Amino acid sequence: MATVHKINEDLVKERQKCTFNVQELTYLLDGGEEVTKERREFENILRNVKELQDEVPEVYLSHKERYENAVRKTCILQNVRNDFEKKREVLSPRNIFRAGYAVIKDVSPFFLHNGMFVPTIIGQGTPEQQAEWLPKAKAMAIIGTYAQTELGHGTFIRGLETTATYDAKTEEFILNSPKVTSYKWWPGGLGTTVNHCITVAQLYINGKKYGIHPFIVQIRDLETHKPLPGIKVGEIGPKMGFATANNGFLGFQNFRIPRKNMLMKNAQVLKDGTFVKGMNEKLTYGTMVMVRVNIVSDSAFHTAMAATIAVRYAAVRHQSQLKAKEPEVQIIDYLTQQHKLFIAIATSHAFSNTYTWLYQAYLKVVEDLGKQKQDHLPELHALSCCLKATSSRDAGVIVEQCRLACGGHGYMASSNLPIIYGYTTAAITYEGEHTVLLLQTARYLMKAWMSALEGKVLAPSVAYLVDWLKSDKQRWQNTPEVIVKGFQHVAAGKIKDAFDAIQKHVKAGKDYEDAWNLASVQLIKASEAHSRAILCDGYLRETVRTSSSVSPSLAKVLNHLVQLYIVYWTLETAGDLLVYSNIGKDDIAVLKEKYEELLALIRPNAVGLVDAFDISDEILQSTLGSYDGRVYERLMEEAMKSPLNKEPVNQSFHKYLKPFIKKAKL
Ligand SMILES: CC/C=C\C/C=C\C/C=C\C/C=C\C=C\C(=O)SCCNC(=O)CCNC(=O)[C@H](O)C(C)(C)COP(=O)(O)OP(=O)(O)OC[C@H]1O[C@@H](n2cnc3c(N)ncnc32)[C@H](O)[C@@H]1OP(=O)(O)O
Ligand SMILES: Cc1cc2nc3c(=O)[nH]c(=O)nc-3n(C[C@H](O)[C@H](O)[C@H](O)COP(=O)(O)OP(=O)(O)OC[C@H]3O[C@@H](n4cnc5c(N)ncnc54)[C@H](O)[C@@H]3O)c2cc1C
């Protein structure tokens, strides 16, 4: 029977102070009581699967052992999931994503199968293709990944070099990787796990290039798992994080696939080699839009994980005295600590709220596309780009801030903060590099600005540009609503400045593209400001909406958090607000006080707020952040698992140290 330990007394007191019902907030964050129950039930089943318990912590395994252990556990996880889903509802992707942490501890080698392979078949395949591939993919009779990036190109996908040349005689495509730079590089699971992949390649028919298209390709024998003739595949080696993701490389040499393997929902190649253009060639990029939307949710979860660890630790940890002769204080009582941590909690809420409406916008566009309507696609692309960029970047900063807030112990692998950081920082790059995505949004913003100048009606997310042109700047008030307007004014002002800078360079004789490059620092700043305005506006609106349907005590806490988020960003961007809005120095002074008041209001609820994220110890995997707060005991227990502690004297003493010391003595 597992030993039940006493909960740390500080945490007991913290939980007694909480002014709201933690369970109510958990249900709200999960999207309803049923979702929470389903999640907990599944997590509980996993907790009791003996084979999923690691005997040796993963960090002590070799690269190869770690991978093999991850595959072993992923297969068990998948089987448990299948059994669960046979009896009950299909688990939500978010609940699967969370539970995966309890099992894999890092990134699953199957991550891209569920994250991109299956969604691409759904999003890019015809009904016939879906009927052929989806049942096998969903049952995992075939395992796949998404192979787009190459050694030479990740961002500029029109420049991809893998070729798919149509042979009308045999009704096949011939895949080739003409140069070393054409090799696929990065796809998760590609190394040694998957037997299929979506390959994005340049289509050629009769010597003419038709741009990039997705192809479904079997790369390994289903029985022996050996690479098929004409395929060169392998793993790319260790990275900063993503230790068990099994990222791989892939090259083709005259590798033939049937015509039906080109995913043809958007564009088709007929038997005789006729190319039929789709409604919009950018629909080929559809899976990326979906994943960018999901990354906002991932960012919310990673921020919640880091906040849970650092807030619980700050409640347990005592260090230094505030006043002489008084006991050492809980570090959470230092205002600077609250400044580091409470924004982490609020940021997770901001991203969860943003994901809720962004995902609905995504579903609406998918529904419209089914009816051949694409009016909202450019707006969704612009929103998903800047919100993916900002949420992943903010999450990276916050996770690192939480690590720093845990002092030396935050640097321990057993705190789990390094793994969480490895994940969040990767998300800043993958699925569209940060700067590149901000520039995509900037492209949309420049067009929106031009339309605003021409008096056209704008899409809702940029409608503030019209208001800004029409009205004088609103009289400043330190209310959340007026501050959000202030953020919109900053965005509008920066968009105008970037636009004017481009025009200036063009007037001076530069090509538009060069003018764009010369203005690009201003363009990304405009995009960031737009993103912040969207985040604050959406978070505020969602909070107002939900507040009417929750208990008054919870509504009050949610209100404190959204205010904290808005005031925090006001103070962080005060310089911009002073330039572009009617805020005055005195308003900023008042907001500084307001910020300190909000920290004090949130303080008694800090532990309750992170408890409400309801991240189990198995998922959190942290010596510093466990529910019972046995920080020091766990640190010692984990240290004792080090192989170096298994023998009193390590052999290196006899081999190297002893002769070395002897020599030094002479
Ligand atoms: C709940 C959690 C569950 C699951 C977990 C979730 C996710 C995890 C899964 C995976 C993560 C792990 C691994 C990561 C995988 C990868 O990284 S896969 C590879 C991703 N690669 C990229 O993102 C590449 C980035 N580059 C691009 O997207 C493009 O090349 C580009 C930068 C957009 C430029 O493209 P292009 O040169 O063709 O276009 P432009 O000339 O710049 O623009 C032309 C017009 O097209 C419009 N456009 C561009 N993209 C899109 C789009 N996606 N949709 C709609 N429209 C688009 C653009 O706005 C221009 O429009 P215009 O101004 O009107 O002309
Ligand atoms: C952990 C991880 C997992 C991944 N998984 C997959 C996967 O499963 N499948 C897959 O296909 N890919 C995957 N990728 C690849 C990923 O999508 C690319 O690395 C990413 O899109 C960035 O492209 P890049 O590496 O070519 O960077 P580059 O584009 O070479 O970026 C280098 C620098 O150049 C700048 N830059 C580039 N273009 C411009 C521009 N137009 N304007 C201004 N600046 C520019 C960038 O801002 C950046 O600072 C993964 C990557 C990582 C790190």
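Residues numbered from 1 in each chain as written. Chains lettered and ligands numbered in written order. Predicted model: local features only at pLDDT ≥ 70, side-chain atom pairs only at ≥ 80, totals over all residues. Heavy atoms only, no water.

(A) Focus on the sheet that holds strand S7 (residues 231-235). The sheet built from 3 strands is open, its strands ordered S4-S8-S7 with antiparallel pairing. Every other strand in the sheet has two partners, leaving strand S4 (184-185) and S7 as the edge strands with one partner each. As judged from the 5 bridges shared by S7 and strand S8 (residues 248-252), these two strands associate in the antiparallel manner. Within S8, the position partnered with lysine 232 by the bridge is glycine 251. (Pairing = 2+ DSSP bridges. Helix = DSSP H or I, 4+ residues; strand = E, 2+ residues; numbered from the N terminus.)

(B) Geometry of the site of ligand 1. Near ligand 1 you find 28 residues, and of these Thr155, Lys282, Tyr285, Arg443 and Lys447 are the closest. Here an oxygen atom of ligand 1 sits 2.8 Å away from a polar atom, N or O, in the side chain of lysine 282. For ligand 1, an oxygen atom lies 2.9 Å from a polar atom in the side chain of glutamine 440. Surface burial for ligand 1 is 84%, taken as the share of its 1300 Å² of free accessible area covered by protein chains. Elements supplying a minimum of two residues to the shell around ligand 1: helix H6 (111-124), helix H8 (286-316), helix H10 (377-405) and helix H12 (434-453). When residues of the shell around ligand 1 are assigned to their parent elements, the largest contribution, 6 residues, is made by H8. (Near = heavy atom within 4 Å. Polar contact = N/O pair within 3.5 Å; in protein donor to acceptor, adjacent residues only side chain to side chain. Areas by Shrake-Rupley, 256 points an atom, 1.4 Å probe, with all protein chains shown as cover.)

(C) Up close: the pairing of strand S1 (residues 144-147). Neither face of S1 is left uncovered, since the one carrying Gly144 and Tyr146 and the one carrying Thr145 and Ala147 both have all their residues buried. As paired elements, S1 and strand S5 (residues 196-205) share 4 bridges and run parallel to each other. For tyrosine 146, the partnering residue across the bridge sits in S5 and is isoleucine 198. (Buried < 20%, exposed > 50% of the residue type's maximum accessible area, 1.4 Å probe, protein only.)

(D) Local environment of the UniProt feature "domain: Acyl-CoA oxidase C-alpha1" (unreviewed entry) in the protein chain. Per the UniProt annotation, the sites labelled "domain: Acyl-CoA oxidase C-alpha1" (unreviewed entry) are residues 285-446. Structurally, residues 285-446 is divided into 75% helix and 0% strand, and its ends, taken at the C-alpha atoms, are 22 Å apart. (UniProt positions renumbered as here; feature names shortened; annotations may be inferred.)

(E) Structural context of the packing of helix H9 (residues 335-370) against helix H17 (residues 552-572). Relative to each other, H9 and H17 sit at 105 degrees, their axes nearing to 9 Å. Classified by the angle between their axes, H9 and H17 sit roughly perpendicular to one another. For the pair H9 and H17, the contacting residues are His339, Phe342, Ile343, Ile345, Ala346, Thr347, His349, Ala350 and Phe351 in the first and Leu558, Leu561, Leu564, Tyr565 and Tyr568 in the second. For the contact of H9 with H17, the residue count by class is 11 nonpolar, 3 polar and no charged. (Axes fitted to C-alpha atoms, helices over the stretch in contact; angles between N-to-C directions. Parallel < 35°, antiparallel > 145°, perpendicular 65-115°, else oblique. Contact = heavy atoms within 4.5 Å. Nonpolar A, V, L, I, M, F, W, Y, C, P; charged D, E, K, R; others polar.)

(F) Representation of the domain arrangement of the protein chain. As far as domains go, the protein chain holds domain 1 (38-113), domain 2 (115-278) and domain 3 (287-460 + 478-611). Once you take the C-alpha centre of each, domain 1 and domain 3 turn out to be 31 Å apart. Every contact between the two is made by 10 residues of domain 1 and, on the other side, 9 residues of domain 3. Each partner contributes to the roughly 890 Å² buried at the junction of domain 1 and domain 3, and carbon and sulfur atoms together form 67% of this total. On the domain 1 side of the interface with domain 3, the three residues burying the most area are Arg94, Phe97 and Tyr101, jointly 56% of the side's total. Seen at the junction of domain 1 and domain 3, the total is 0 salt bridges. Where domain 1 touches domain 3, the interface holds 1 residue pair in polar contact (both at pLDDT 80 or more). Here the side of domain 1 that touches domain 3 gets 4 residues from one element, more than from any other, and that element is helix H5 (residues 93-104). (Domains from an automatic or database assignment. Buried area = accessible area lost by both parts, 1.4 Å probe. Salt bridge = Lys/Arg side-chain N within 4 Å of Asp/Glu carboxyl O.)

(G) The arrangement of helix H19 (residues 585-602) in detail. In this model H19 runs 26 Å from its N-terminal to its C-terminal C-alpha over 18 residues, within 8% of the 26 Å that 1.5 Å per residue would give. All buried positions along H19 are accounted for by Ile588, Leu591, Tyr595, Leu598, Leu599 and Ile602. The buried side chains of H19 occupy one side of the element, clustering within an arc of 100 degrees when seen end-on. Exposed side chains of H19 directed beyond 90 degrees from the buried face belong to Asp586 and Glu593. On its buried face, H19 sits against H9, helix H14 (480-507), H17, helix H18 (574-580) and helix H20 (606-611). (Expected span 1.5 Å × (residues − 1). Arc of directions from axis to C-beta.)

(H) Region of interest: the site of ligand 2. The full set close to ligand 2 counts 20 residues, and Tyr146, Thr149, Gly154, Thr155 and Glu433 are the nearest of them. One of the backbone N or O atoms of glutamine 148 is found 3.0 Å from an oxygen atom in ligand 2. One nitrogen or oxygen atom from the side chain of glutamate 433 is found 2.5 Å from an oxygen atom belonging to ligand 2. Starting from 970 Å² of accessible surface for ligand 2 in isolation, the protein chains cover 63%. At the level of elements, helix H11 (417-429) and H12 are the ones that each hand at least two residues to the shell around ligand 2. Among the elements that line the shell around ligand 2, the one with the most residues is H12, at 3 residues. Grouping the constituent residues of the shell around ligand 2 by class yields 9 nonpolar, 9 polar and 2 charged. Two domains share the shell around ligand 2, each providing at least three of its residues, namely domain 2 (115-278) and domain 3 (287-460 + 478-611).

(I) Representation of the nonpolar core. The biggest cluster of nonpolar side chains holds 160 residues, and the ones touching the most others in it are Phe342, Ile345, Leu387, Leu465 and Tyr565. For this core, the leading source of residues is H8, giving 20 residues. Non-local contacts of leucine 465, meaning those with residues more than four positions away in its chain, are made with Ala448, Trp449, Ala452, Leu458, Ala492 and Ile495. (Core = buried A, V, L, I, M, F, W, Y, C linked by side-chain atoms within 4.5 Å.)

(J) Region of the structure containing the pattern of salt bridges. The final tally for this structure, using the stated rule, is 38 salt bridges. Taking the shortest distance from any N to any O, the salt bridge between arginine 39 and aspartate 614 comes out at 2.7 Å. Here the residue arginine 39 occupies a position in helix H3 (residues 33-47), and aspartate 614 occupies one in the loop between H20 and helix H21 (617-620), the gap between them amounting to 575 residues. Residue arginine 39 is classed as buried on the basis of its relative accessible area of 1%. In this structure, the salt-bridge partner of glutamate 638 is lysine 641, at a minimum N-O distance of 2.7 Å. Looking at lysine 641, the relative accessible area reads 35%, which means it is partly exposed. Here the salt bridges share partners, and the residues they tie into one network are Asp30, Arg39, Arg40, Glu43, Arg98 and Asp614.

(K) Up close: the pairing of strand S2 (residues 163-167). The element S2 is extensively covered by neighbouring structure, given that 4 of its 5 residues are classed as buried. The pairing of S2 with strand S3 (residues 172-176) spans 5 bridges and is classified as antiparallel. Paired with threonine 165 across the bridge in S3 is isoleucine 174. Here S2 hands over to S3 after 4 residues, with glutamate 171 in that stretch at a positive phi of 55 degrees. Pairing geometry for S2 and S5, over 3 bridges, is parallel. Bridging from a neighbouring strand, threonine 165 pairs with tyrosine 204 of S5.

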